[in-house]
Amino acid sequence: MTTSPIRTERHDDILVIISNNPPVNALGAAVRIGLDAAIKEGAGDDAIKAMVIRCDGRTFFAGADITEFGKPMTGPGLGEVIDAIEASEKPVVAAIHGTALGGGCEVTLGCHYRVAVPSAKIGTPEVKLGLLPGAGGTQRIPRIAGVKLALQMTAVGDPISAKAAHAAGLIDRIVGEDSLEADAIAFAREIADKRPLPRAREGSVQADEAAVAEFKQANARKFRGFDAPAANIACVEKAASGASFEEGIAFERQEFMKLMGGTQSAAQRHLFFAERQAAKVDDIPAGTQLRPIKKVGVIGAGTMGGGISMNFLQAGIPVTIVETAQEALDRGTGVIRRNYENSAKKGRYTTEKVEGMMGLLTPTLNLEDLADCDLIIEAIYENMDVKKELFGKLDKIAKPGAILASNTSYLNIDEMAAVTSRPGDVIGMHFFSPANVMKLLEVVRGAKTSPDVLATVMALAKPIGKVAVVSGVCPGFIGNRMLSQRQGPANKMLMQGARPEQIDKAIVDFGMPMGPFQMSDLAGVDIGWHRDPTRIESIRDALAAKGRWGQKTSKGFYDYDEKRTPSPSPEVAEIIEDFRSKSNLPKQDFSDEDVIAATLYPMVNEGAKILDEGMAQRASDIDVVWIYGYGWPIYRGGPMFWANTVGLDKVVAGLEKNGVEVAPLLKRKAEAGEKF
Ligand code: 3HC
């Protein structure tokens, strides 16, 4: 017989109900059954005057058990358990530590009172899983805290601090950080005889149409393409509409089921697990000893080097940053300071925190100053010879056991490792620009990279706020290798009569932050250009020859005004038409769907090759790369998940129609009716 994760302990007249369901006390069936039984136990015992619900381990209930979603339900539903708690004739107090999230937050709202330690957080992040709080949260939060906060908590989904929750009436008392249980019991005794019991369902909500309109407008960009925020908002509006609590709950249930059955939530739940799975490297032995990283060296104080350094400074890890000229060094450290000061102005940091972080930064012109660093990351010019020379020098300077990393976005790590006497210590750490903002860290495992070096770098990702994914060594690794498949078909469509703005729009409407031509303009049309204005072999050559280098020259594939607002360019249209008329490709009309198939299916195809070659551990790792490195819309779950939803047979047919050779793995899977 399995033991219940719920146990009860009597403290005279108070029954303490305790959950022990590691790691995060998710509210799975056994927990719900146990909670239900414990409330009945308290109700049936005349010696008990009040109850306290608390959790063992690192956190109060962090939500429903997401692994149960989509499976047949056993035991009572969470909503029923919460209703039973709320209906109790004896007061029930939630004693909160860690993160009371989703269903966990909803359990607290069913309780008559809530106490929390100062470090606790509470929130309803369901929207991030494409859902809404489906156990009464959308109806109880506004009844306690009002429409404004309810909108923020449900439709944006960020948790709030115990202090903020206390101010909003969601927490009744903040108790001692180290005396939660004792303080909760004392609180329960204080209120044991107080009647009537406060029940959230009995509260009323003031409608606030202005707040709803303002909220929608303020978040329009953030919510673009997502279904769940609107459903959360609609539920809060329902609560404030004068409808009864029961009507509100019925509406919430209906909206919850709609979201749960949709593709977006499936995609967002896929990402939740994909992101955590990506951190696991299949062939690193469990218990591998990590190397301590107490000091980091960064070579290059340009945009990348500066951004990379900021991640470590924010995590409290000292950084030595190296440049070759004083001016570049000063400029680089100046940019870091300015970025931090701007964040401070927005209230993200205090001035002391900024000074503290800057105090951890040591700028130098001397490579030898890296001798005491545990990890050295080079972020210099992308040139193999220059990088090899640098790695040769680092080999002589770095202390034994130091990890030597390259931030290259496509060069061969093994070649760099080969010039050192310690190839096992060499690894790729590919950050994405802006490196202090973008969440992806592509970790490139060389042929000789030691397992402990890989494990150390993977573990380092979390404290610096990154999501790490392992890639094997191949040109462009996972992300840029796939990206390179998009430009060719986009260019080809130009030659068949499509316009850059039409292609970009289809891709932006799909949910990407920008299309291929907008991206060219941002990165620089002249990147990789041969620099001979008389040699014009492509549309890009023609643009570059005319000084249309992108946003930096205020013209590229688009014309830009002073505010960098793009508009279609007649000059570009002429250049394209000139090339098109000389080509023998037939003119064609492209629908948005054609554009998506032509540009994105080849990326999926490349993803299949990457997977087949073992360059990515799993298809979901590829999805994580694209979501956190390139802004692939989360609600489409990444390119490989998306391909599954399109149907792999349809992807294969689309590739064949466009004359692309189909990757064997993709073909095999499509024929077998399988998914990635
Ligand atoms: N259900 C099932 N498993 C969960 C889970 C959940 N709600 N939350 C976390 N886990 C698992 C993770 O998958 C991970 O498993 P692994 O070790 O096998 O990879 C493990 O618990 C630890 O999680 P993290 O690595 O994320 O641990 P952290 O300490 O970094 O973060 C956390 C803890 C803040 C609680 C974070 O896990 C989190 O945000 N969890 C999800 C919270 C959430 O979304 N709750 C709402 C659920 S939906 C709901 O409640 C519907 C209801 O309204 C009806």
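Residues numbered from 1 in each chain as written. Predicted model: local features only at pLDDT ≥ 70, side-chain atom pairs only at ≥ 80, totals over all residues. Heavy atoms only, no water.

Caption draft 1: A look at the overall build of the protein. Helices and strands together make up the secondary structure of the protein, namely 28 helices and 19 strands. For 676 residues, the compact-globule estimate of 2.2 N^0.38 gives 26 Å, and the protein sits close to it at 28 Å. Principal-axis analysis of the C-alpha atoms places the extent of the protein at approximately 95 × 60 × 50 Å. When each of the 676 residues of the protein is scored for burial, the buried share is 54%. Taking as baseline every contact in the protein between residues at least 6 positions apart, the subset at least 24 positions apart corresponds to 72%. Carbon and sulfur atoms form 53% of the exposed surface of the protein, whose accessible area is close to 29400 Å². For the protein, the separation between the mean place of its 79 positive charges and that of its 86 negative charges on side chains is 1 Å. (Helix = DSSP H or I, 4+ residues; strand = E, 2+ residues; numbered from the N terminus. Rg over C-alpha atoms; globule rule 2.2 N^0.38 Å. Buried < 20%, exposed > 50% of the residue type's maximum accessible area, 1.4 Å probe, protein only. Contact = heavy atoms within 4.5 Å. Areas by Shrake-Rupley, 256 points an atom, 1.4 Å probe, with all protein chains shown as cover. Lys, Arg positive; Asp, Glu negative; His and termini not counted. Charge placed at Lys NZ, Arg CZ, Asp CG, Glu CD.)

Caption draft 2: Summary view of unusual backbone geometry. Cis peptide bonds are those with omega within 30 degrees of zero, and the linkage from P22 to P23 qualifies with 0°. Note on placement: P23 falls in the loop between strand 2 (14-19) and helix 1 (29-44). Residue P434 is bonded to the preceding S433 through a cis peptide linkage, with omega at -10°. For P434, the location among the structural elements is in the loop between strand 15 (426-431) and strand 16 (440-444). Located in the positive-phi region is F477, a residue other than glycine, with phi close to 55°. Mapped onto the elements of the fold, F477 is located in the loop between strand 17 (467-471) and helix 19 (479-495).

Caption draft 3: Quick peek at the site of the ligand. Around the ligand there are 25 residues in total, and E106, E126, R276, K280 and K462 lie nearest to it. At 2.9 Å from a nitrogen atom of the ligand is found a main-chain nitrogen or oxygen belonging to A62. For the ligand, an oxygen atom lies 2.6 Å from a polar atom in the side chain of E126. Going through the elements one at a time, strand 5 (99-101), helix 3 (103-110) and helix 12 (263-278) are the ones with two or more residues in the shell around the ligand. No other element matches helix 12, which puts three residues into the shell around the ligand. Partitioning the shell around the ligand into residue classes produces 13 nonpolar, five polar and seven charged. (Near = heavy atom within 4 Å. Polar contact = N/O pair within 3.5 Å; in protein donor to acceptor, adjacent residues only side chain to side chain. Nonpolar A, V, L, I, M, F, W, Y, C, P; charged D, E, K, R; others polar.)

Caption draft 4: Main features of the packing of aromatic side chains. In the structure shown here, the tally under the stated rule is 16 aromatic pairs. When the ring of Y113 is compared with that of F187, the centres are 5.6 Å apart and the planes differ by 70°; the resulting orientation is edge-to-face. With Y113 in strand 6 (residues 113-116) and F187 in helix 7 (residues 180-191), this residue pair connects regions lying 74 residues apart in the sequence. According to the relative accessible area criterion, Y113 is buried, its value standing at 7%. The buried category is assigned to F187, whose relative accessible area is 5%. Look at F272 and F273: their rings are 5.1 Å apart centre to centre, the planes differ by 90°, and that puts the pair in the edge-to-face class. Owing to a relative accessible area of 25%, F272 belongs among the partly exposed residues under this scheme. Just above the ring of W549 sits the side chain of R531; from NZ or CZ to the centre is 5.3 Å. (Phe/Tyr/Trp six-rings, centres within 6.5 Å; stacked < 30°, edge-to-face > 60°. Lys NZ or Arg CZ within 6 Å of the ring centre and 35° of its normal.)

Caption draft 5: Layout of the environment of K582. Here K582 lies in helix 23 (residues 570-582). Judged by its relative accessible area of 65%, K582 is exposed. Distance from K582 to M495, taken between C-alpha atoms, is 9.3 Å for residues 87 residues apart in sequence. At a separation of 3.1 Å, a polar atom in the side chain of K582 contacts the side chain of D578.

Caption draft 6: Representation of the domain arrangement of the protein within the structure. For the protein, the domain assignment lists domain 1 (6-260), domain 2 (296-461) and domain 3 (497-582). Relative placement of domain 1 and domain 3: their C-alpha centres are 52 Å apart. (Domains from an automatic or database assignment.)

Caption draft 7: Expanded view of the pairing of strand 1 (residues 6-11). As judged from the six bridges shared by strand 1 and strand 2, these two strands associate in the antiparallel manner. Each bridged residue has a counterpart across the sheet, and for E9 the counterpart in strand 2 is V16. (Pairing = 2+ DSSP bridges.)

Caption draft 8: Examining the pairing of strand 11 (residues 319-322) more closely. Neither face of strand 11 is exposed, since V319 and I321 on one face and T320 and V322 on the opposite face are all buried. Two elements, strand 10 (residues 296-299) and strand 11, share four bridges in a ladder whose sense is parallel. Its bridge partner lying in strand 11, V298 is registered against I321. Between the parallel elements strand 10 and strand 11, the chain passes through helix 13 (residues 303-314) in a crossover that is right-handed. Looking at chain direction, strand 11 and strand 12 (residues 361-364) are connected through four bridges and run parallel. Across the sheet, the residue bridging to I321 is P363, located in strand 12. (Right-handed = clockwise from strand over helix to strand, strands pointing away.)

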